[in-house]
Amino acid sequence: MSGSNKKIIDEKEISILVEKSLKETENFSEIETTKKDYLEKGGIISSLFQQISQEKDQERKKEIEEKLKEQKPEKEQKKDKLDIYLEGKRFPLGNLHPLTQISQEIYGVFLPLGYQIVESDEIENEEYNFNKLNMPPEHSARGMHDTFYLNANLLLRTHTSNTQIRVLENNPNQELKIITAGKVYRRDEDDATHTHQFTQIEGFVVGCNISFSHLKGTLELVLKKLFGENNPIRFRPSYFPFTEPSVEVDALCILCQGKGCNICKKTGWVEILGAGLIHPQVLKNCGYDNQKFTGFAFGLGVERLLMIKHGIEDIRHFYLNDVRFLKQFRVMS
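Residues numbered from 1 in each chain as written. Predicted model: local features only at pLDDT ≥ 70, side-chain atom pairs only at ≥ 80, totals over all residues. Heavy atoms only, no water.

Visitor: So what's going on with the overall build of the chain? Residues and values would help.
Guide: The secondary structure content of the chain amounts to 10 helices and nine strands. Counted over contacts in the chain with a minimum sequence separation of 6, partners at least 24 positions apart contribute 66%. Accessible area of the chain: about 20400 Å², with a carbon and sulfur share of 51%. (Helix = DSSP H or I, 4+ residues; strand = E, 2+ residues; numbered from the N terminus. Contact = heavy atoms within 4.5 Å. Areas by Shrake-Rupley, 256 points an atom, 1.4 Å probe, with all protein chains shown as cover.)

Visitor: I'd like to hear about the packing of aromatic side chains, residue by residue, with values.
Guide: Centre-to-centre distance and the angle between the planes together describe a pair of aromatic rings. Throughout the structure, instances matching the rule amount to six aromatic pairs. Ring geometry for Phe110 versus Tyr115: centroids 4.8 Å apart, planes at 70°, classification edge-to-face. When sorted by exposure, Phe110 lands in the same class as Tyr115, which is buried. Both rings, one in Tyr288 and one in Phe293, keep their centres 5.4 Å apart while their planes meet at 90°; by these two values the pair is edge-to-face. On the basis of relative accessible area, Phe293 is assigned to the buried category, the value being 5%. Ring-pair connections join several aromatic residues into one group, and the members of that group are Phe110, Tyr115 and Phe298. The lysine or arginine in question, Arg166, covers the ring of Tyr128, its NZ or CZ lying 3.9 Å from the ring centre. (Phe/Tyr/Trp six-rings, centres within 6.5 Å; stacked < 30°, edge-to-face > 60°. Buried < 20%, exposed > 50% of the residue type's maximum accessible area, 1.4 Å probe, protein only. Lys NZ or Arg CZ within 6 Å of the ring centre and 35° of its normal.)

Visitor: An account of the sheet that holds strand β4 (residues 176-185) is needed here, citing residue identities and associated values.
Guide: Ordered by their spatial adjacency, seven strands build an open sheet running β1-β4-β5-β9-β8-β7-β6, and the pairing between neighbours is mixed. Looking at which strands have only one partner, the edges of the open sheet turn out to be β1 (116-117) and β6 (233-240). Relative to strand β7 (residues 243-252), β6 runs antiparallel, the two being bridged by seven bridges. Its bridge partner being in β7, Phe240 is matched across the sheet by Thr243. Against the sheet, helix α4 (residues 98-110) makes contact with β1, β4, β5 (197-208) and β9 (293-301), and its axis sits at roughly 165° relative to β4, the strand it touches most. (Pairing = 2+ DSSP bridges. Axes fitted to C-alpha atoms, helices over the stretch in contact; angles between N-to-C directions.)

Visitor: Can you tell me about the packing of α4 against helix α7 (residues 212-227), naming the residues and giving the values?
Guide: Helix packing geometry: the angle between the two helix axes and the distance between the axes. Packing of α4 against α7 leaves a shortest axis separation of 10 Å and a crossing angle of 135°. As the angle between them shows, α4 and α7 are arranged oblique. When the axes of α4 and α7 are compared, the crossing they make is right-handed. Facing α4, whose interface residues are Glu105, Ile106, Val109 and Phe110, α7 presents Thr218, Val222, Lys225 and Leu226. (Parallel < 35°, antiparallel > 145°, perpendicular 65-115°, else oblique. Left-handed = near helix turned anticlockwise from the far one by under 90°.)

Visitor: Tell me what's going on with the nonpolar core, and back it up with residues and numbers.
Guide: Formed by 44 residues in total, the largest nonpolar core has its most connected members in Phe298 and Leu305. If you look at the next biggest cluster of nonpolar residues, it comprises 21 residues, including Ile178, Val206, Tyr288 and Phe293. (Core = buried A, V, L, I, M, F, W, Y, C linked by side-chain atoms within 4.5 Å.)

That is the geometry; function is a separate question.
Below is the structure:
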């Protein structure tokens, strides 16, 4: 009896066939043949289990295929939706340095007032850095500046007033309103409020009948624009060889609100600029008629302005290139 050609469809039918085969056997040899047909590998019982397994596998496969058919449209729809609205990678954008930002902000105050922006070189000679600013070689005022000399005559400028001298010399007896910004260098010991390199903004006006009231009004306007109407400032008499009379201007320390701290050296105030009427000798040195023309000039430290405006405790933060510090000044577009 061969099970390979018979299609097994039911377990009960197998039992009936086994009983029938055993009844028809007449000797031991035929019993062994029946055993082989039903029990051995490739026999009827083996074929039955194989068939049952295949049928179950087919049922499972069919069930899974049906579920996939049901889910496919929904998944494809979601996939399309994600593709359409997928957000791209955001790359960090560069940003202007806070010193550049506040310089542009100050320019924005002066330009509507009729000032022109002028720049000059950081490497200067003694004539324009000292001599024409009423500081001849023997003048004691030179002791106020510990200068970086490149050779016997060339140096790194100690202030942006060299721009003032060059502009006046090139435009004798002309009415002028000039604003300039740039780096200056001094042999200062670096600490929380001093550094050997810093940024200075210089402005000056020359004309007929320019008085100290013009200077005071201009500085008050600019400082209110920068710090707000309610932040107090004060004017103190001072001395500079290139202005007469001269003043220094302080702003109330934002960090301690005037109570006194390390930044303001326990005074409650932070010095931000020096100013005064242009010395008549300086005008004369530049070819001006100092009997007809007068003027005022001021120079302010940009880092000091930022420290006061934002409550920054150490000037050195501006030069450490720490992204964590600089990104606080990011301009949002």
